[in-house]
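Summary of structural features
Listed below, chain by chain, are the residues.
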Amino acid sequence: MTSKPFRKWMCLNCGYIYDEEVGDPEEGLVPGTRWEDIPDDWTCPDCGTSKAEFEMVEI
């Protein structure tokens, strides 16, 4: 069984990119943390935008 590829999510407000493979250790998100595993009340560390305002982007 192969694991699904890591994705990247972009804040539509400021352009911050959340990369599932890298995570965001400063925000308590270890590398490999999938988007669906981030709490719904999480906000963008750069501008405070809610998780709902992010979109998955292919880079």
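Below: a short report on this structure.

What counts as what
- Residues numbered from 1 in each chain as written.
- Predicted model: local features only at pLDDT ≥ 70, side-chain atom pairs only at ≥ 80, totals over all residues.
- Heavy atoms only, no water.
- Disulfide = S-S within 2.5 Å.
- Buried < 20%, exposed > 50% of the residue type's maximum accessible area, 1.4 Å probe, protein only.
- Helix = DSSP H or I, 4+ residues; strand = E, 2+ residues; numbered from the N terminus.
- Contact = heavy atoms within 4.5 Å.
- Salt bridge = Lys/Arg side-chain N within 4 Å of Asp/Glu carboxyl O.

Focus: the state of the cysteines
Counted according to the given criterion, the structure contains zero disulfides. A disulfide-free cysteine, C11 has its sulfur positioned 3.7 Å from the sulfur of C47, the nearest such atom. For C47, a relative accessible area of 32% corresponds to the partly exposed category.

Thoughts on the environment of L29
Considering the arrangement of structural elements, one finds L29 in the loop between strand 2 (17–19) and strand 3 (54–57). We classify L29 as buried; its relative accessible area is 8%. Ignoring anything within four residues of it in the chain, the contact list for L29 reads Y18, G23, D24, I38 and W42.

Some points on the pattern of salt bridges
Evaluated as defined, the whole model comprises six salt bridges. Note that E20 is salt-bridged to R7, the shortest N-O span being 3.3 Å. Highlighted residues: E20 in the loop between strand 2 and strand 3 and R7 in the segment before strand 1 (8–11), separated in sequence by 13 residues. On the basis of relative accessible area, R7 is assigned to the partly exposed category, the value being 24%. A single network of salt bridges, built from pairs that share partners, joins K4, R7, E20, R34 and E36.

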